Each structure stands twice: as structure tokens, then as C-alpha cells.
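Structure at a glance
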Amino acid sequence: MGMGADFARTYSAARETFEQADEILGFGLSRVCFKGPGNKLDQTVVTQPALYVCSIAIWRVLRELLPSAQPAWMAGHSLGEFSALTSSNALSFQDGLRLVQARGWFMQQAGEGNPGAMAAILALDIQQVESLCAEVSAETGQIVVLANDNCPGQAVVSGNIAAVDRLIERASAAGARRAVKLSVSVAAHSPLMAAALEGFLEVVHSTPFSPPDPSVYGNVSAQPLATAAEIKIELDQQLTRSVRWTDSMRSLIGAGAETFIEIGSGSVLTGLMRRIDRSKKRVNLNSVAALNAFLESLA
């Protein structure tokens with residue numbers, strides 16, 4: 001709770017973004033973000049729009065305060081890909097919010113119809129995790145796949161509940177420092193999301209996209225998306241394929257990126273970059289205090 005509240009209190013650009021979202025969605029998303037209840041904010045159909053709106057609110061504040069600053073590239077992790085596409089002018093705020101709302105709804109429906117699980121696996125390399133997924137899938141006849149390659153030593157797997165439970169056992173035996181189930185009932189970024197695809201892709205393919213400026217590095221391809229067609233290909237696969245975050249960040253580093261600025265309500269991506277390449281500058285803008293400190297550093 002309190003998501004984005006300090007920005008909305010301090011900056012009209014953020015406040016207006018939340019008000020615009022309330023009007024588009026037809027319910028008080030801002031009230032849930034700022035005051036809860038927490039159990040409602042935790043619902044996928046609310047969480048996804050909330051994260052999207054909060055990140056765009058902060059982005060709009062930053063653009064207002066630093067109008068001449070222009071990022072060279074953008075990327076977003078999973079849901080954050082929609083924030084990146086909106087911030088790069090590939091997607092309007094209204095269309096992006098409707099896409100995110102549809103994504104959350106169809107994912108929740110798929111999870112209710114075919115419950116799944118996800119688990120974080122620490123201190124095994126990605127090849128080990130993928131091998132264990134293949135072995136467990138063969139043993140159980142169920143699905144468990146690599147969902148997120150977040151950074152060296154941190155992976156997330158996703159699939160049927162029994163297969164994920166078995167994968168946790170196998171990962172622990174293989175030397176994982178930690179293998180723990182996440183508090184979700186949706187097997188995101190796995191074939192179990194196939195049930196969500198038809199409805200979601202109908203919304204994707206009715207949504208107008210423009211070439212992003214700057215380019216956005218995709219989760220699935222880990223390469224820059226330069227055209228509207230490439231964006232749609234990326235989103236066609238996003239629900240059921242792995243988030244290749246490590247590869248995406250290494251591609252950005254290879255392109256010349258030196259400073260990585262995380263915009264949103266959390267700080268996860270800053271921590272991941274520390275594990276991917278500690279030499280790169282990392283800035284997190286998840287609060288007004290953090291934004292003020294960043295602006296002071298530029299003075």
C-alpha cells in the first residue's frame with residue numbers, strides 16, 4: 001500500500017496520471033494503490049494496472065523535471081515491458097493500461113482454470129536449472145520451465161504445482177542455496193498461460209503501436225524492438241515464454257549502456273543489475289526522496 005502516493009501528493013503530473021487511470025478503468029485504482037486494502041492490491045487484475053500506472057506516473061514526473069534528458073534505450077521486466085513501450089511512445093497510456101488490464105484478467109482466469117506455481121532458485125546456473133526442468137517434466141509428465149533468467153545465480157521456474165514442488169526438491173539436492181515457492185497461483189511465463197493467449201492476443205492485435213523511440217529491448221528476444229510488427233511478435237510470446245533479463249541487460253551493456261535507471265515502485269531491477277555487472281551505475285527512483293537525491297546529484 002502507499003504505491004505512488006508520495007509522487008501523487010508532490011507532483012501534479014503523477015496525480016493526474018492516477019486520475020486518468022481511474023477514469024479509464026472505471027474504478028478507484030488510485031485509492032487501492034494509496035490506501036489498500038492489501039488483499040485487493042495483491043489480486044493480479046489490480047496488481048498489474050497498479051504497477052503500470054505507478055511507473056508511468058514517475059516517468060512523467062521525470063520527463064517534466066528533466067525535459068532535455070533522453071534515455072538511449074529502454075527495457076522492462078515482464079509487466080514492465082508495457083511501461084517501457086509506453087515511455088518510448090510506442091504505445092499510448094490509455095491503450096497500454098487497457099492491455100495491462102486485459103493481461104491481468106486473462107492471466108487470472110487461466111490460473112483459476114489451471115492453477116500453477118512458481119519458485120525462485122538461487123545459486124544454480126541457468127543451464128542447471130533448465131536441465132532440472134527438463135528432467136522433472138519428463139519424470140512427472142507435467143510442465144515446469146524456466147520463467148525468468150533474472151541474473152547470474154537467480155532464476156524463477158513456473159509450471160504445474162506438483163512439478164514445481166519436485167523441482168524445488170531436485171534443486172535443493174543439486175546445491176541451490178535456496179529453492180522456495182513464490183506466493184502466486186499463476187504459472188506466469190510458462191505454457192500454462194496458453195489459456196490466456198487467445199483473449200489477450202485479440203487485444204494486442206487490435207491495439208495500435210508505433211516504432212519505439214528510443215528502442216525497447218524485448219524480454220523474449222533480448223534484442224531491440226524497432227518496429228510495431230516486432231513489438232507484436234514479442235507480445236505474442238510474452239505470456240508463455242521466459243523473461244531473458246540477464247541476456248537483455250548484457251545486450252544493452254554491449255550496446256554501450258553505462259547507467260541504468262529503475263523507474264517504478266520497487267527496487268528489484270537495481271539489485272539484479274548489481275549481480276549482472278557491478279561496474280555499471282545504478283539509480284533507483286521509487287520514491288520522491290530518491291528522485292530528489294538523483295536530481296541533486298545532477299546539479
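Since this is a predicted model, take the numbers as computed values, not measurements.

1. With respect to the packing of aromatic side chains
- Counted under the stated rule, the structure contains 5 aromatic pairs.
- Judged by centre distance (5.7 Å) and plane angle (10°), the ring pair of Tyr 52 and Phe 93 falls under stacked. With a gap of 41 residues between them, Tyr 52 in helix H5 (residues 44-65) and Phe 93 in helix H7 (residues 93-113) connect regions that are remote in the sequence.
- Consider the rings of Phe 82 and Phe 200, whose centres lie 6.3 Å apart with planes at 75°: the pair is edge-to-face. Of the two residues, Phe 82 is situated in helix H6 (residues 80-87) and Phe 200 in helix H10 (residues 194-205); the sequence distance between them amounts to 118 residues. Grouping residues by exposure puts Phe 82 and Phe 200 together as buried.
- The lysine or arginine in question, Arg 60, covers the ring of Phe 93, its NZ or CZ lying 4.6 Å from the ring centre.

2. Overview of the sheet that holds strand S2 (residues 116-122)
- Read across the open sheet, the 4 strands follow the order S3-S4-S2-S5; overall the sheet is antiparallel. Unpaired on one side and paired on the other, strand S3 (144-151) and strand S5 (178-181) mark the two borders of the sheet. Averaged over neighbouring strand pairs, the angle between their axes works out to 20° when direction is ignored.
- The pairing of S2 with S5 spans 4 bridges and is classified as antiparallel.

3. Things to note about unusual backbone geometry
- Residue Pro 214 is bonded to the preceding Asp 213 through a cis peptide linkage, with omega at 10°.
- Among the structural elements, Pro 214 can be located in the loop between H10 and strand S6 (216-217).
- Located in the positive-phi region is His 189, a residue other than glycine, with phi close to 55°.
- Mapped onto the fold, His 189 is located in the loop between S5 and H10.

Rules behind the numbers
Counting restarts for each chain: residues are numbered from 1 in the order of the written sequence. Under the rules for a predicted model, residues below a pLDDT of 70 receive no local features and side-chain atom pairs below 80 are neither given nor counted, while totals for whole chains, interfaces and linings still include all residues. Heavy atoms from the whole structure form the basis of all side-chain values; hydrogens and water molecules are not counted. In summary, the pairing rule links any two rings of Phe, Tyr or Trp, Trp by its six-membered ring, whose centres are within 6.5 Å, and it sorts them by plane angle into stacked for under 30 degrees, edge-to-face for over 60 and tilted for everything else. Each helix corresponds to a stretch of at least 4 residues labelled H or I by DSSP, and each strand to a stretch of at least 2 residues labelled E; elements are numbered beginning at the N terminus. For the exposure calls, accessible area comes from a 1.4 Å probe over protein chains only, and a residue counts as buried if that area is under 20% of its type's maximum, exposed if over 50%, partly exposed in between. Geometrically, a lysine NZ or arginine CZ counts as sitting over a ring once it is within 6 Å of the ring centre and also within 35 degrees of the ring normal. Only strands that DSSP links by at least two bridges are regarded as paired with each other. Axes here refer to lines fitted to C-alpha atoms; in helices the fit is confined to the stretch in contact. Angles between the N-to-C directions go from 0 to 180 degrees.

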